[in-house]
Amino acid sequence: MSSTTAFTAPAPVGLAEPLPVLGAEVEVPLVSGEKVGYAALDYAASAPALRRVWEDVAAYAPYYGSVHRGAGYLSQLSTDLYEQSRQAVTDFLDLREGDQVVFTRATTDSLNLLAAAVPAGTRVFAFETEHHASLLPWQHAGLSVSYLRAPRSHAEAVAALDAALADCPQGPRLLCVTGASNVTGELWPIAELTETAHRHGARVVVDAAQLAPHHRISVRELDVDWIAFSGHKLYAPFGAGVLAGRADWLDAAEPYLAGGGASRTVARQEDGSVAVEWHRGPARHEAGSPNVIGAYAIASACRALTEAGWEALREREERLVERLTEGLAAIPEVRVLNLFGAGSARVGVLSFVVRGWNSSHFSAALSAEYGIGVRDGLFCAHPLVRTLLGGEEAAPSECGAPEPSLPGERSLNAIRVSFGAGTPLEHVDRFLAAVRELVTDGARWSYRNEGGRCVADTRR
Ligand code: PMP
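Below is a short write-up of the structure. Here the structure is a predicted model, which is why all the values come from computation and not from measurement.

Attention shifts here to unusual backbone geometry. The backbone of Tyr-235 sits at a positive phi, close to 65°, despite the residue not being glycine. Relative to the assigned elements, Tyr-235 resides in the loop between strand E9 (226-230) and strand E10 (241-245). Judged by relative accessible area, Tyr-235 falls into the buried class, the value being 1%. Here Cys-380, not a glycine, exhibits a phi torsion of approximately 55°, which is positive. Judged by relative accessible area, which is 33%, Cys-380 ranks as partly exposed.

This is the structure in structure tokens:
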């Protein structure tokens, strides 16, 4: 018999209401044929749209027009809206005088843009714990990268960077570091790392994909050089992202994409070639027709979060995190993955493994039998998850293959639960109750592997 209990703690007193999001009333079918309200607990992958964002976009949609390339009224209106959206992001991030906001497709795009823009010969430093979007663009752009080993505390992270920069004192150098881990949700010591980097003359870009939806960010106070984030994780899923920060390297670089919008003048030369004068400023890296709806949606989300108040949002989220961590701690079969120790501060993102369970199987059962959406796998951070699981080699595991069943045996992948401003307490409680029940009673259905996904076997 499992040592778990069915106890659910009373709801915290005075918990603020979640922000209204789309999908809150959506019902999904269970494998039994019943329907239940969907518990979206995969915000770290993509968060639902804030209702406010959806309404702002819907109100603008009839006025939609081309940006920076039309004489008509709607083109002018759309151009104004696009540029005002830049200002909203500037305010949201508390940028410094002279900083730029470049609209991109998402964080991956932002970091690839920066990788293409840094001065030739820049040496990049990244902890091996980064998401692949922060880990890979540098090498891909032909830069030399020093991968720093996974630190087990904030102090170790700062000391490792200090030593690495001391060993490489010359030339342009850049640290790329996450603000909050997409695997453990743990916060990284951005201000301390930035202070260390700057002392050595290096610059810092923060991957804020998981930080921006959960925390106030002041670029001015943190003193970081660039910030990157995605609209679809910030309740604004309309295909835009942001790279914001220092203008000098961006203005000196070749445009990220060549085309209209980035070019100021193009003239045919005597020899048959064309001479191009490129824009400076954000337009330089925004060739092509801008995604005005995506940018406006991000601006709307920035305003909505600011108006809701970071203090209230943080307090609410911390209560949910507490509820979750305490609930999971009471289930001995569950092991929560932490890099910096059990007490380290985190946003509403947490990964875990369950003794005796294949993580894909467990996640599939949460979906099929409880209507709860989480994610399983290595979360595009393979080196980190492998470190946390305690193995060097990991491969996608076979659904249905029982692993690992003995204490101390390692899992091959993990389960991630994540939430945010739109999550009701009830979703966290339902999740905890489902985990307890699965651990105690097992899955009620059988599961099989279908095209690499673990799914309930509905064949008769
Ligand atoms: N960095 C982190 C920390 C992330 O969690 C993600 C998305 N999972 C990314 C970067 C990449 O973001 P996107 O897929 O929106 O480009």
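Around the ligand, a shell composed of Ala-106, Thr-107, Thr-108, His-131, Ala-133, Asn-182, Asp-207, Ala-209, Gln-210, Ser-230, His-232 and Lys-233 is seen. His-131 places a side-chain nitrogen or oxygen 3.2 Å from a nitrogen atom of the ligand. Across the complex, the protein chains shield 88% of the 400 Å² of accessible surface that the ligand would expose by itself. For the shell around the ligand, a count of residues per class yields 3 nonpolar, 7 polar and 2 charged.

At their nearest, the axes of helix H2 (residues 73-93) and helix H10 (residues 292-308) sit 8 Å apart, and the two run at 40° to each other. One finds that H2 runs oblique with respect to H10. Viewed along their axes, H2 and H10 form a crossing whose handedness is left-handed. Of H10, the residues touching H2 (which contributes Ser-78, Leu-81, Tyr-82, Ser-85, Ala-88, Val-89 and Phe-92) are Val-292, Ala-295, Tyr-296, Ile-298, Ala-299, Cys-302, Arg-303, Leu-305 and Thr-306. Here the contact of H2 with H10 is composed, by residue class, of 12 nonpolar, 3 polar and 1 charged.

Glancing now at the pattern of salt bridges. Inspection of every chain in the model, using the stated rule, returns 26 salt bridges. Among the salt bridges present, the one from Asp-56 reaches Arg-52, with a minimum N-O distance of 3.4 Å. Linking Asp-56 with Arg-52, this pair stays in helix H1 (residues 51-60), spanning 4 residues, or about one helical turn. Note that Arg-264 is salt-bridged to Glu-277, the shortest N-O span being 3.0 Å. Taken together, the positions of Arg-264 in strand E11 (residues 263-268) and Glu-277 in strand E12 (residues 274-278) put the pair 13 residues apart, joining distant regions of the chain. Taking relative accessible area as the criterion, Arg-264 reaches 52% and is therefore assigned exposed. Beyond isolated ion pairs, a larger network of salt bridges with shared partners links Arg-52, Asp-56 and Glu-307.

About the criteria used
- Residues numbered from 1 in each chain as written.
- Predicted model: local features only at pLDDT ≥ 70, side-chain atom pairs only at ≥ 80, totals over all residues.
- Heavy atoms only, no water.
- Helix = DSSP H or I, 4+ residues; strand = E, 2+ residues; numbered from the N terminus.
- Buried < 20%, exposed > 50% of the residue type's maximum accessible area, 1.4 Å probe, protein only.
- Near = heavy atom within 4 Å.
- Polar contact = N/O pair within 3.5 Å; in protein donor to acceptor, adjacent residues only side chain to side chain.
- Areas by Shrake-Rupley, 256 points an atom, 1.4 Å probe, with all protein chains shown as cover.
- Nonpolar A, V, L, I, M, F, W, Y, C, P; charged D, E, K, R; others polar.
- Axes fitted to C-alpha atoms, helices over the stretch in contact; angles between N-to-C directions.
- Parallel < 35°, antiparallel > 145°, perpendicular 65-115°, else oblique.
- Left-handed = near helix turned anticlockwise from the far one by under 90°.
- Contact = heavy atoms within 4.5 Å.
- Salt bridge = Lys/Arg side-chain N within 4 Å of Asp/Glu carboxyl O.

On their own, these measurements won't tell you what the molecule is for.
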